[in-house]
Amino acid sequence: MEGGCWPVKRNKIKTFHESEDLQRIRKWRGGLLLQHTVAPNPIKEGNKSNRRTCIMCSSHEYETKASTHCTLCQVVLCKRRWSDGSPTCIVAFHTADDLNAESK
């Protein structure tokens, strides 16, 4: 992977948007052994909850907590259904051409 370490720890939207390698992983449709699977977040020691901040719809003003993540991309994404018919954060993250514009 070009410059950086895995898994991505900071500026995930920007990093997944700008890195060609990460774009290929993010948009990859999956195969028999490796695929995008939504799984519960692990509970970290000292925490009572497995809820983390969704990287797609959280901002400085608004924070959405999610209990799920993509096992391949290793990012926290919520399953929230939007009233305007927009795709869930899970779908939007894996299909958007421009993550910066798509994230809320």
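Source: prediction; values computed, not measured.

Enquirer: Could you clarify how one ought to interpret the nonpolar core in this entry?
Expert: Note on soluble globular proteins: their nonpolar side chains tend to be buried together. Counting residues in hydrophobic clusters, the biggest one holds 23 residues, and the most contacted among them are Phe16, Met56, Leu77, Cys89 and Phe93. Broken down by secondary-structure element, the contributors of at least two residues to this core are α1 (12-18), β5 (75-76) and α3 (89-95). Take this core: its biggest share by element is four residues, from α3.

Enquirer: I keep staring at the packing of aromatic side chains and nothing clicks. Help me out?
Expert: Geometrically, a pair of aromatic rings is defined through the distance of the ring centres and the angle of the planes. If you walk through the whole model with that rule in mind, you get one aromatic pair. Geometrically, the ring pair formed by Phe16 and Phe93 is edge-to-face, given 5.2 Å between the ring centres and 70° between the ring planes. In this pair, Phe16 sits in helix α1 while Phe93 sits in helix α3, placing the two residues 77 residues apart along the sequence. Under the relative-accessibility criterion, Phe93 is labelled buried at 0%. Its guanidinium or amino end placed over the ring of Phe93, Arg26 lies 5.8 Å from that ring's centre, counting from NZ or CZ. Between the NZ or CZ atom of Arg80 and the centre of the ring of Trp82, over which it lies, the distance is 4.0 Å.

Enquirer: I'm lost on the sheet that holds strand β1 (residues 38-40) in this one. Help?
Expert: Through backbone hydrogen bonds, the strands of a sheet pair up, either in parallel or in antiparallel fashion. Across the sheet, three strands lie side by side as β1-β4-β5; this open sheet has antiparallel pairing. The sheet is open, and its two edges are formed by β1 and β5, each paired on a single side. The pairing of β1 with strand β4 (residues 68-70) spans three bridges and is antiparallel. Across the sheet, residue Pro40 finds its bridge partner in β4, namely Thr68.

Enquirer: Mind showing me how you'd approach unusual backbone geometry here?
Expert: Of all residues except glycine, most have a negative phi; of all peptide bonds, most are trans. Within the chain, Asn11 stands out as a residue other than glycine whose phi angle is a positive 45°. Looking at the secondary structure, you find Asn11 in the segment before α1. Phi at Gln74 takes a positive value of approximately 60°, unusual for a residue other than glycine. One can find Gln74 in the loop between β4 and β5. Looking at Gln74, the relative accessible area reads 36%, which means it is partly exposed.

Cut-offs and rules
Residues numbered from 1 in each chain as written. Predicted model: local features only at pLDDT ≥ 70, side-chain atom pairs only at ≥ 80, totals over all residues. Heavy atoms only, no water. Core = buried A, V, L, I, M, F, W, Y, C linked by side-chain atoms within 4.5 Å. Buried < 20%, exposed > 50% of the residue type's maximum accessible area, 1.4 Å probe, protein only. Helix = DSSP H or I, 4+ residues; strand = E, 2+ residues; numbered from the N terminus. Phe/Tyr/Trp six-rings, centres within 6.5 Å; stacked < 30°, edge-to-face > 60°. Lys NZ or Arg CZ within 6 Å of the ring centre and 35° of its normal. Pairing = 2+ DSSP bridges.

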